[in-house]
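# Per-entry structural report
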Amino acid sequence: MHVIRTLPELRDHLGRFERPAFVPTMGNLHDGHLDLVRQARPRGDVTVASIFVNRLQFLPHEDFDTYPRTWDSDCDKLQAAGCDVLFAPDERTLYPEPQTCKVHPDGALADILEGHFRPGFFVGVCTVVMKLFACVQPRVAVFGKKDYQQLLVIRHMVRQFALPIEIVGSETRRADDGLALSSRNGYLDQAARTEAVQLSLALKAMAAAVQAGERDFAAIEARAMQSLSARGWQPDYMVLRRRADLQAPTEAEPLVALAAARLGSTRLIDNLEIPQAA
Ligand code: PAF
């Protein structure tokens, strides 16, 4: 695996390939990320991952400074997963001057849910992803469905700017008890880790209610919020939305249940696509 830190080097190295397949990350890699690399591999003629902890997508009170940086093990894991090129720019390489030109995604999609609770988050994500796309010039890029709204926001950005990049969504990887793998799970102590599974259980209960024919979505959402609150969580949202655009459902259409909740000081997100009745 080639580790590349500068743009000229990256351009020089990737110039000989026609179809880079790209997995952007912020490092602290787990099996979910490695699934993304495995999805990317057969889709391109060179597999490129990036590690860059993007300051622009953290709010001032969030965990930018303490976000886990696990360089050596990340490199080992990427290599073992078959990554060919790791692009790991430092801040001065990616943002040599203050990044005043930013991508502002469509508010209907990006100012709700995560965008509501983390204002500016998707501006930071879209700006860095656009910039990484400009650096790597991939033909395919793989994102996890764990960050469901992020995947939709990126797809929309790519469509609106007519970027010649196929965006692939990869299924969420879960621990044996059902907890979605996340870099932030590392913040959980043992008791919190045991409790954390309740987030995915709450999503399953929401899905089961819909599948059982319940159509009072507000009641389903309120029950989910209450069930987590009663266990000491602080849920930001537990909602049922249309998969296509994350707006409130109006009729029978593919749905996704989405959740974000704080357990102690750790904020977890998860989601579940609700299988449609046959
Ligand atoms: O999903 C992530 O890890 C980040 O939001 C991304 C896409 C790498 C942009 O920094």
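Bear in mind that the values here come from a model prediction, so they are computed numbers and not experimental data.

So, how was this worked out
Residues numbered from 1 in each chain as written. Predicted model: local features only at pLDDT ≥ 70, side-chain atom pairs only at ≥ 80, totals over all residues. Heavy atoms only, no water. Buried < 20%, exposed > 50% of the residue type's maximum accessible area, 1.4 Å probe, protein only. Helix = DSSP H or I, 4+ residues; strand = E, 2+ residues; numbered from the N terminus. Pairing = 2+ DSSP bridges. Right-handed = clockwise from strand over helix to strand, strands pointing away. UniProt positions renumbered as here; feature names shortened; annotations may be inferred. Contact = heavy atoms within 4.5 Å. Polar contact = N/O pair within 3.5 Å; in protein donor to acceptor, adjacent residues only side chain to side chain. Axes fitted to C-alpha atoms, helices over the stretch in contact; angles between N-to-C directions. 1 Å grid on protein atoms, 1.4 Å probe; cavity = no way out; pocket = protein on both sides within 12 Å on 5 of 7 lines; lining within 4 Å. Points joined across faces, edges and corners; volume = space filled by probe spheres on them. Nonpolar A, V, L, I, M, F, W, Y, C, P; charged D, E, K, R; others polar.

Time to look at the pairing of strand β3 (residues 46–51). Within a regular strand, side chains alternate between the sheet's two faces. Burial runs high along β3: 6 of the 6 residues are buried. Two strands pair when backbone bridges link them, and strand β2 (residues 20–25) and β3 are joined in this way by 6 bridges, in the parallel orientation. Its bridge partner lying in β3, Pro 24 is registered against Ser 50. This β-α-β element, β2 to helix α2 (residues 31–40) to β3, shows right-handed connectivity. In this structure, β3 lies alongside strand β4 (residues 85–87), joined through 3 bridges in parallel fashion.

Time to look at the UniProt feature "binding site: beta-alanine" (unreviewed entry) in the protein chain. Under the feature "binding site: beta-alanine" (unreviewed entry), the UniProt entry names Gln 57. Here Gln 57 lies in the loop between β3 and α3 (71–81). You can call Gln 57 buried: its relative accessible area is 10%. Once residues lying within four places of it in the same chain are set aside, the contact partners of Gln 57 are Met 26, Glu 62, Arg 118, Phe 121, Gly 124, Val 125 and Val 128. Engagement of the side chain of Gln 57 in a polar contact is seen with the side chain of Asn 54, the distance being 2.8 Å.

Residues given the UniProt feature "binding site: (R)-pantoate" (unreviewed entry) here are Gln 57 and Gln 150. In sequence the annotated residues extend across 94 residues, while in space they remain close, none of their C-alpha pairs exceeding 11.7 Å. Note on placement: Gln 150 falls in helix α8 (residues 148–160). Residue class for Gln 150 comes out buried when judged on its relative accessible area of 17%. If we skip the residues at most four places from it in the chain, Gln 150 touches Phe 121, Phe 122, Val 125 and Phe 143.

Looking at where Arg 241 falls in the secondary structure, it is placed in strand β7 (residues 234–242). Setting aside chain neighbours within four positions, we find Arg 241 in contact with Ile 112, Leu 113, Leu 246, Gln 247, Ala 248, Pro 249, Pro 254, Leu 255, Val 256 and Leu 258.

Right, let's get into the sheet that holds strand β9 (residues 266–274). The pairing of strands in a sheet comes from backbone hydrogen bonds and takes either a parallel or an antiparallel form. Taken together, the 3 strands give an open sheet; going across it, the order is β7-β8-β9, and neighbouring strands pair in antiparallel fashion. Edge positions in the sheet fall to β7 and β9, since each has one partner strand and no second. This sheet shows a mean twist of 10 degrees between the axes of neighbouring strands, independent of strand direction. Relative to strand β8 (residues 255–263), β7 is paired through 8 bridges, and the arrangement is antiparallel. Considered in β8, the bridge of Arg 242 is made with Leu 255. Running at roughly 155 degrees to β7, helix α10 (residues 217–230) makes contact with β7 and β8 of the sheet.

Once that is clear, we can look at unusual backbone geometry. The backbone of Leu 113 shows a phi angle near 50 degrees, a positive value even though the residue is not glycine. Relative to the elements of secondary structure, Leu 113 occurs in the loop between α5 (107–110) and α6 (114–117). The phi torsion at Gln 137 lies on the positive side, around 50 degrees, for a residue other than glycine.

Let us look at empty space enclosed by the protein. Empty space left among the atoms is revealed by rolling a probe the size of a water molecule over them. Counted by the stated rule, this structure contains 1 cavity of 30 Å³ or more. By volume, the largest cavity amounts to about 50 Å³. Mapped by element, the contributors of at least two residues to the lining of the largest cavity are α9 (190–211) and β9. By residue class, the composition of the lining of the largest cavity is 6 nonpolar, 4 polar and 2 charged.

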